[in-house]
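Close look at the chain arrangement
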Amino acid sequence: RMVSEKTGALLEASTKVGAILGRGKSRHVRALASYGRLIGIGFQMRDDVLGVAGSEEKFGKPIGSDILEGKSTLIVIRALTKASREDKAKLLMALGKREASAAKLKAAIDVLDRTGAIEYVAKKARGFIAEAKSKLRDLPSSKAKRVLLGLADFAIEREF
């Protein structure tokens with residue numbers, strides 16, 4: 001819900017306004033608005049994955065910073081529901097603890113991986129992007145449509 005109402009809403013508004021200003025048909029406005037919300041959700045999920053499984057040099061911010069800041073990403077929520085008591089404790093040793101040691105942060109990230117939470121969210125992100133792209137099916141072929149499809153691919157294929 002948080003991702004939908006944050007990044008999803010921002011991109012939905014952007015694509016919807018673009019469609020309205022471009023004098024799109026009402027069905028195209030709806031399709032582009034849906035595309036925007038879905039790509040926003042998928043983009044944010046991918047961002048969350050990169051934030052724990054990516055390369056700091058490529059990602060542009062410290063890996064694990066969302067954990068230290070205590071953000072309740074879908075990855076964290078999934079891991080907490082799937083983790084053993086011991087793994088849950090390891091994750092909670094770093095979650096929301098900016099002063100946590102590098103070792104505790106690594107242990108928390110290992111829990112995210114071991115529980116399958118990272119791959120689960122990566123798969124969900126791919127699903128949102130695929131659904132976003134499907135919303136563009138009824139739009140006529142154009143350079144703009146190709147750009148939007150490419151943007152969706154970029155959102156999900158960003159490097160670690």
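Residues numbered from 1 in each chain as written. Predicted model: local features only at pLDDT ≥ 70, side-chain atom pairs only at ≥ 80, totals over all residues. Heavy atoms only, no water.

**Re the layout of surface pockets**
Of the volumes computed, that of the largest pocket is approximately 270 Å³. Considering the residues around the largest pocket, the lining is formed by 14 residues, among which Arg1, Met2, Val3, Met45 and Leu74 are closest to the centre. Class assignment for the residues of the lining of the largest pocket results in eight nonpolar, three polar and three charged. (1 Å grid on protein atoms, 1.4 Å probe; cavity = no way out; pocket = protein on both sides within 12 Å on 5 of 7 lines; lining within 4 Å. Points joined across faces, edges and corners; volume = space filled by probe spheres on them. Nonpolar A, V, L, I, M, F, W, Y, C, P; charged D, E, K, R; others polar.)

**Description of the packing of aromatic side chains**
Taken as a whole and judged by the stated rule, the model has zero aromatic pairs. Taking the ring centre of Tyr120 as reference, the NZ or CZ of Arg78 above it sits at 3.7 Å. (Phe/Tyr/Trp six-rings, centres within 6.5 Å; stacked < 30°, edge-to-face > 60°. Lys NZ or Arg CZ within 6 Å of the ring centre and 35° of its normal.)

**A few points about the packing of helix 2 (residues 26-53) against helix 8 (residues 117-134)**
Put simply, helix 2 and helix 8 touch, their axes get as near as 8 Å, and they point 155° apart. Taken together, the axis directions place helix 2 and helix 8 in an arrangement best described as roughly antiparallel. Between helix 2 and helix 8 the crossing geometry is left-handed. The residues of helix 8 that touch helix 2, namely those facing Tyr35, Leu38, Ile39, Ile41, Gly42, Phe43, Met45, Arg46, Val49, Val52 and Ala53, are Ile118, Val121, Ala122, Lys124, Ala125, Phe128, Ile129, Glu131, Ala132 and Lys133. Of the residues contributing to the contact of helix 2 with helix 8, the split by class is 16 nonpolar, one polar and four charged. (Axes fitted to C-alpha atoms, helices over the stretch in contact; angles between N-to-C directions. Helix = DSSP H or I, 4+ residues; strand = E, 2+ residues; numbered from the N terminus. Parallel < 35°, antiparallel > 145°, perpendicular 65-115°, else oblique. Left-handed = near helix turned anticlockwise from the far one by under 90°. Contact = heavy atoms within 4.5 Å.)

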